[in-house]
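Residue strings, one per chain:
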Protein chains: 2
Amino acid sequence: MMSDSLAPWRVALSRALHLNRSQPYSRYFQLATITPEGFPKNRTVVFRGYLDNTNQIKIVTDLRSEKVNQINYQPWGEICWYFTKTREQFRLSGRLTLITPNYPDSTLQKERQLAWQQLSDSARLQFTWPEPGQLRIEDNSAFSAASPAPEHPLEHFCLLLLDPEKVDHLELRGNPQNRCQYYLDESKNWIAQSINP
Amino acid sequence: MMSDSLAPWRVALSRALHLNRSQPYSRYFQLATITPEGFPKNRTVVFRGYLDNTNQIKIVTDLRSEKVNQINYQPWGEICWYFTKTREQFRLSGRLTLITPNYPDSTLQKERQLAWQQLSDSARLQFTWPEPGQLRIEDNSAFSAASPAPEHPLEHFCLLLLDPEKVDHLELRGNPQNRCQYYLDESKNWIAQSINP
């Protein structure tokens, strides 16, 4: 697929990641989804790189989190990613694919396993915690499980992919500001277009 | 209305704003809305304080921006506000009210005017720019209007209010993390509840 060649917006995004690399939170962005009732939801998640040989953005999530139900209902999301040092914003919208333990594609299961292996110990530990969003369990031993083995993911660990179909890049620096929109044409080639900020 | 007394989540939010005040981008957050077609949208906007004597969060926007149509269709949003220094996140969801030049309430019209007056010159200038999101006008004189007068807002300047009904506060610091949810009960009193992170 043409859309799996390196997309032109990745050059700008790689540059932003590089220039902002001194700040660990530059790898955090906000992911918007919608509920089955039609309300928007928004939360901070961590960039886990790209799926090999594609432009799909990797995120991880817990099968018990609220966004899972939202994504099953409407598998579409928009990332808003603001870089504080270079003062630029990327908005990436696209289809979401949730790689659960039962997802049938074996290549993507391997990717799920790899994503688990690449997590830090403390990130893996969070998947042993009691159900997120439920009344707080006050006994801290509920949060003190042993660190799970890095080889095989726990059952509620999911890889989440966002496959961008439209990207909007705004640079606040510059007089006036610069804004570029990227989208896929009918042949799945990326088109870049300057637009008014 | 009881919900207009100082909400308990404002204590935590004021503290975060204070502790992160050295970074101007601490007043930026991401606002999610949905399109009439049912897709999520997400963008960075600036916190402009609270509407006097209420818990409503002030934002400003251009009547020509895409979110206006989205808000007219579904007047609900979710803010995701991440503070990098203290490593905490607030998610605030609530009804959106767009104060356009034709909005019938004279008190809110005065608030719209006040919001315009409180903008910086460079922020006001952006409302003289050509239509956002359209093909870029390459002639920079289109972006070189004189700074508009601070007294009266330009026609497409809008005040946007978000009235929180549910707030989720997550502190990544702490072992384990702390998470508190605030919501309005049937009598419109705020309830705070610790939940699992």
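Residues numbered from 1 in each chain as written. Chains lettered and ligands numbered in written order. Predicted model: local features only at pLDDT ≥ 70, side-chain atom pairs only at ≥ 80, totals over all residues. Heavy atoms only, no water.

Per an unreviewed UniProt entry, the recorded name for chain A is Pyridoxamine 5'-phosphate oxidase-related, FMN-binding, and the organism is Gloeothece citriformis.

**Quick notes on the overall build of chain A**
The condition that has to hold: Runs of H or I in DSSP of at least four residues are treated as helices and runs of E of at least two as strands, each being numbered from the N terminus. Burial classification: accessible surface area is computed with a 1.4 Å probe over protein chains only, and a residue below 20% of its type maximum counts as buried, one above 50% as exposed, and the rest as partly exposed. Contacts were defined at the residue level, with two residues in contact if any of their heavy atoms lie within 4.5 Å. Each accessible area is a Shrake-Rupley estimate made with a 1.4 Å probe; only the visible protein chains count as cover when residues are assessed.
A tally of regular secondary structure across chain A gives four helices and eight strands. Taken from the N to the C terminus, the helices and strands of chain A come in the order α-β-β-β-α-β-β-α-α-β-β-β. Reported as C-alpha extents along the three principal axes, the dimensions of chain A are approximately 55 × 35 × 35 Å. The buried share of chain A, reckoned over its 197 residues, is 55%. Restricting to contacts in chain A with at least 6 residues of sequence separation, those with at least 24 account for 61%. Surface summary for chain A: the accessible area is close to 9200 Å², and the carbon and sulfur share equals 49%.

**Considering empty space enclosed by the protein**
So the rule is basically this: Only protein atoms enter the calculation, which uses a 1 Å grid: trapped sets of points that fit a 1.4 Å probe without letting it out are cavities, open sets showing protein on both sides within 12 Å along at least five of seven lines are pockets, and any residue with an atom within 4 Å of a point is a lining residue. Grid points are joined across faces, edges and corners, and a volume is the space filled by probe spheres set on the points. Each residue gets one of three labels, nonpolar for Ala, Val, Leu, Ile, Met, Phe, Trp, Tyr, Cys and Pro, charged for Asp, Glu, Lys and Arg, and polar for the others, Gly among them.
All told, the structure shown has one cavity of 30 Å³ or more when counted by the stated rule. Estimates place the volume of the largest cavity at around 210 Å³. Along the walls of the largest cavity sit 15 residues, with Gln30(A), Tyr82(A), Thr84(A), Tyr82(B) and Thr84(B) positioned nearest its centre. Secondary-structure elements contributing two or more residues to the lining of the largest cavity are β1 (28–34) and β4 (76–83) of chain A together with β1 (28–34) of chain B. Its residues assigned to classes, the lining of the largest cavity shows nine nonpolar, six polar and no charged.

**Looking at the relation of the copies chain B and chain A**
So the rule is basically this: Here the copies are superposed with least squares, the fitted atoms being C-alpha atoms of residues at a pLDDT of at least 70 in both.
Once turned by 180° and shifted 0.0 Å along the axis, chain B lies on chain A with an RMSD of 0.0 Å. The transformation relating the two chain copies, once decomposed into turn and shift, fits a two-fold axis. A shared interface surface links the copies, since 100% of the contact residues of chain B are contact residues in chain A too.

**Details of the UniProt feature "domain: Pyridoxamine 5'-phosphate oxidase Alr4036 family FMN-binding" (unreviewed entry) in chain A**
We apply this condition: UniProt positions are given in the numbering used here, feature names are shortened, and annotations may be inferred rather than shown by experiment.
Under the UniProt annotation, the feature "domain: Pyridoxamine 5'-phosphate oxidase Alr4036 family FMN-binding" (unreviewed entry) is placed at residues 7–99 of chain A. Secondary structure across residues 7–99 of chain A comprises 20% helix and 43% strand; the distance between its end C-alpha atoms is 23 Å.

**A few points about the side chain of Thr61(B)**
All names here are of chain B. The condition that has to hold: We define a polar contact as two N or O atoms separated by no more than 3.5 Å, with the added condition that, inside protein, one atom must be a possible hydrogen donor and the other a possible acceptor, whereas residues neighbouring each other in sequence contribute only through side-chain atom pairs.
With respect to the element layout, Thr-61 can be found in strand β3 (residues 57–62). Classification of Thr-61 by relative accessible area gives buried; the value is 2%. There is a polar contact of 3.3 Å between the side chain of Thr-61 and the side chain of Ser-65. For Thr-61, the residues in contact, after removing those within four places along its chain, are Lys-67, Val-68, Leu-98, Phe-127, His-156, Phe-157, Cys-158 and Leu-160.

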